[in-house]
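Reading the structure
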Amino acid sequence: MLHELSIRNKLIVMSAVMSALFLVALDQTIVSTALAAIVKEFNSFSSLGFIVTAYMLTTTVTVPLAGKLSDMYGRKPLLLTGVSIFTIGSPTVEWLIAWRALQGIGGGIITANAFTIVGDLFPPKERSKWQGLFGAVFGMSSVAGPLIGGWLTDGVSLFGMVSDWRWTFLINVPIGVIATVLIIRYCPQIKHDRTHKPDYLGALFITIALATLVLAVDNTEMIFKGLIERGVSLALVQGMLLTISALAALSFVLIERRAKQPILPLRFFANRTYSLIMAAASLFGAAFMGAILYLTQFNQQVFGATASQAGLMLLPMVAGSITSSITIGRLVAKTGAYKRWIVAGFGLTAVGVAVLTILQPESPYWHEAIVAVFVGLGFGAAMPILTLAVQNEFTQKDLGAATSSVQLFRGLGSTIGAAVLSGILTAGILAHVGDPHQLPYIQSLQRSPAAQQMLSGELNADVLLRLNAQKETIAKAAAQGFERLPAPAQAQAKQQFSRQQDEFTNVILHAFTDGLHQVFLISSGLMVVAMIAVMPVREKRLRG
């Protein structure tokens with residue numbers, strides 16, 4: 001333990017760690033705003049799924065491995081490795097995908113170790129304040145990311161140069177360099193395992209299990225487009241990937257039973273609190289995606305917000321999250337009691353997400369803003385304390401593996417939850433719309449040679465939402481086509497097209513909102529189950 005380290009050195013180390021964590025948290029939102037510019041420059045829309053999934057896949061796989069390695073070899077070398085890897089970028093789309101995968105490894109290492117090093121530096125009672133600050137870091141990044149990403153991608157003059165999407169990666173460099181220097185200078189080395197017997201087989205099979213699971217639920221259709229175009233069904237591809245994942249997971253469990261230094265010790269699950277928190281973390285991750293991801297889409301579809309504007313519209317939720325994470329962290333540090341705040345946080349979030357179902361296409365933004373504050377208050381109260389509860393159950397030598405488990409299960413919940421909820425939203429939209437080919441607006445577009453390319457392939461929910469989002473561009477193109485008509489016919493055609501477009505927008509927005517209500521209700525239900533899961537936790541008072 002490093003509890004005896006001077007306060008000055010602790011603050012410097014934590015500043016470096018939070019800077020590195022901010023890089024990771026910021027990256028998840030800042031790059032998303034640059035994706036459209038990236039695929040446009042490289043003229044490679046098919047690469048979009050690879051860019052997103054490459055990072056998610058390697059981050060998911062790395063978290064449990066990095067947690068165990070930090071117990072064996074120390075936090076300092078792992079943190080330095082993670083920060084160094086994360087600052088690397090690349091100029092071509094093929095290399096960009098490869099380096100995004102490598103960057104995901106860096107992100108996984110940082111995520112696993114940032115939360116763990118709090119346990120090295122502080123006794124249990126003091127950790128809650130820092131875990132609360134970590135929650136605030138994620139909250140700030142969710143707003144700052146879209147704003148900075150949109151600003152840099154749009155092109156601004158900085159230091160005599162005009163920015164583009166590459167700057168969303170370059171911004172990592174100065175922060176990464178500063179964090180690296182501070183970690184080298186002030187972070188002491190600590191490791192708990194004197195003898196090292198790495199669990200290579202376990203690492204192999206958990207990598208296969210997690211990688212195939214991510215591939216089965218994230219951008220599967222785009223990544224395996226070649227196979228699907230050759231006649232292999234999407235369901236078969238996903239079924240094969242899930243089967244491989246299940247077999248690899250079973251093999252991993254059998255290997256971990258005999259491993260000398262297992263990556264994820266199965267004895268952890270004999271701890272009642274650990275098992276319950278892992279279940280709650282998974283449910284929380286899925287419900288979190290239902291609130292954040294789809295509320296952002298609501299803002300973009302209904303209010304016509306850009307990515308940057310949609311990020312700003314989440315500010316009430318972020319403000320609530322930051323406020324409660326810092327406040328509850330201090331209260332936990334003062335009282336030593338934490339379970340009540342997890343239960344209360346999950347309960348408040350469940351109610352808040354359920355109340356989001358009042359939102360309609362005609363609703364003013366302030367309705368959303370008020371509810372979002374309470375959702376954020378719930379998130380901020382519960383999320384940081386989950387890690388604290390797990391750390392309080394284990395000795396220092398298991399801290400890395402135990403802490404990284406929380407990040408792993410929450411991440412898996414988010415990944416699977418996003419895929420399942422996306423399917424529910426899509427099904428809800430299509431059920432409301434019925435046969436899209438019967439819509440007068442679609443029929444008008446199908447008669448236009450210029451618009452036929454946009455309607456090529458299946459008219460699914462994504463295509464319908466994209467048509468609605470691009471209605472201004474389509475209207476301008478249609479107006480140019482109408483100019484070739486005689487004056488009386490031109491006015492009539494414009495009026496008819498405008499009416500059809502308005503009717504289409506009304507249908508799509510109500511269909512989207514109805515589908516979204518189902519997502520919110522399911523997310524709320526998941527949060528209720530998470531709340532019930534943590535109720536049997538036997539609370540151990542935090543030691544000062």
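Residues numbered from 1 in each chain as written. Predicted model: local features only at pLDDT ≥ 70, side-chain atom pairs only at ≥ 80, totals over all residues. Heavy atoms only, no water.

Quick look at the overall build of the chain
Within the chain one finds 22 helices and two strands. Put simply, the chain has 544 residues, and 54% of those count as buried. Of the contacts made within the chain by residues no fewer than 6 positions apart, 82% connect residues no fewer than 24 positions apart. (Helix = DSSP H or I, 4+ residues; strand = E, 2+ residues; numbered from the N terminus. Buried < 20%, exposed > 50% of the residue type's maximum accessible area, 1.4 Å probe, protein only. Contact = heavy atoms within 4.5 Å.)

Description of the pattern of salt bridges
For the structure on display, the rule yields four salt bridges. Residues joined in a network through salt bridges with shared partners are Arg267, Lys397 and Asp398. (Salt bridge = Lys/Arg side-chain N within 4 Å of Asp/Glu carboxyl O.)

What to know about the confidence of the model for the chain
Caution applies to low-pLDDT regions: their predicted coordinates should not be interpreted in detail. Summing up the model confidence of the chain, the mean pLDDT is 81 and the portion of residues at 70 or higher is 89%. Mean pLDDT per element in the chain: helix α2 (residues 35-42) is the minimum at 65, and helix α16 (residues 339-355) is the maximum at 93. (pLDDT = per-residue confidence, 0-100.)

Structural notes on a nonpolar patch on the surface
Taken together, Leu348, Trp366, Ile370, Val373 and Phe374 make up a surface patch of nonpolar side chains, about 450 Å² in accessible area. By residue number, the principal contributor to the nonpolar patch is helix α17 (residues 365-391), which donates four residues. Tracing the backbone through its elements, the reader meets Phe374 in helix α17. Given a relative accessible area of 43%, Phe374 falls into the partly exposed group. (Patch = residues over 30% accessible without salt bridge, like charges linked within 9 Å, V, L, I, M, F, W, Y side chains within 5 Å. Areas by Shrake-Rupley, 256 points an atom, 1.4 Å probe, with all protein chains shown as cover.)

Regarding the packing of aromatic side chains
On inspection of all chains with the given rule, the structure shows 14 aromatic pairs. With 4.8 Å between their ring centres and 40° between their planes, Tyr441 and Phe504 make a pair best called tilted. With Tyr441 in helix α19 (residues 440-446) and Phe504 in helix α22 (residues 487-534), the pair connects residues that are 63 residues apart, well separated along the chain. Summarising the burial analysis for this pair, Tyr441 and Phe504 share the class buried. (Phe/Tyr/Trp six-rings, centres within 6.5 Å; stacked < 30°, edge-to-face > 60°.)

Thoughts on the side chain of Thr273
Tracing the backbone through its elements, the reader meets Thr273 in helix α13 (residues 272-302). Look at Thr273 and you get buried, because its relative accessible area is 4%.

As for the packing of helix α20 (residues 461-469) against α22
Contact pair α20 / α22: the axes reach a minimum separation of 10 Å and the direction vectors enclose 130°. Between α20 and α22, the angle is such that the two are oblique. α22 is crossed by α20, and the crossing has left-handed handedness. Contacts between α20 and α22 involve Leu464, Leu465, Leu467 and Asn468 from the first element and Phe504, Thr505, Ile508, Leu509 and Phe512 from the second. Grouping the amino acids of the contact of α20 with α22 by side-chain chemistry returns seven nonpolar, two polar and no charged. (Axes fitted to C-alpha atoms, helices over the stretch in contact; angles between N-to-C directions. Parallel < 35°, antiparallel > 145°, perpendicular 65-115°, else oblique. Left-handed = near helix turned anticlockwise from the far one by under 90°. Nonpolar A, V, L, I, M, F, W, Y, C, P; charged D, E, K, R; others polar.)

Focus on the side chain of Thr111
Following the sequence through the fold, Thr111 ends up in helix α5 (residues 93-121). Reaching out from Thr111, the side chain makes a polar contact with the backbone oxygen of Gly107 at a distance of 2.8 Å. Setting aside anything within four residues of it in sequence, one finds Thr111 in contact with Leu21, Val24 and Gln407. (Polar contact = N/O pair within 3.5 Å; in protein donor to acceptor, adjacent residues only side chain to side chain.)

So, the packing of helix α18 (residues 399-433) against α20
Where α18 meets α20, the closest approach of the two axes is 9 Å, and the angle between their N-to-C directions is 75°. Comparing the axis directions of α18 and α20 gives the class roughly perpendicular. Contact with α18, carried on its side by Thr426, Ile429, Leu430 and Val433, involves Ala461, Leu464 and Leu465 of α20 and no other residues of that element. Residue composition of the contact of α18 with α20, by class: six nonpolar, one polar and no charged.

Side note on the environment of Asn468
Here Asn468 is to be found in helix α20. Residues Asn468 and Asn506, spaced 38 residues apart in sequence, show a C-alpha to C-alpha distance of 9.6 Å. Beyond its immediate chain neighbours, meaning those up to four positions away, Asn468 contacts Gln301, Phe504, Thr505, Ile508 and Leu509.

Overview of α18
The end-to-end C-alpha distance of α18, which contains 35 residues, comes to 51 Å, matching closely the 51 Å that a straight helix rising 1.5 Å per residue would cover. Note on α18: the residue one or two positions beyond its end, Gly434, has a positive phi of about 80°. (Expected span 1.5 Å × (residues − 1).)

Description of the environment of Ile429
One can find Ile429 in helix α18. The exposure class assigned to Ile429 is buried, which follows from its relative accessible area of 1%. Once the C-alpha coordinates of Ile429 and Gly515 are considered, the two residues, 86 residues apart in sequence, prove to be 5.5 Å apart. Not counting chain neighbours up to four residues away, the residues in contact with Ile429 comprise Ala461, Leu465, Ala511 and Phe512.

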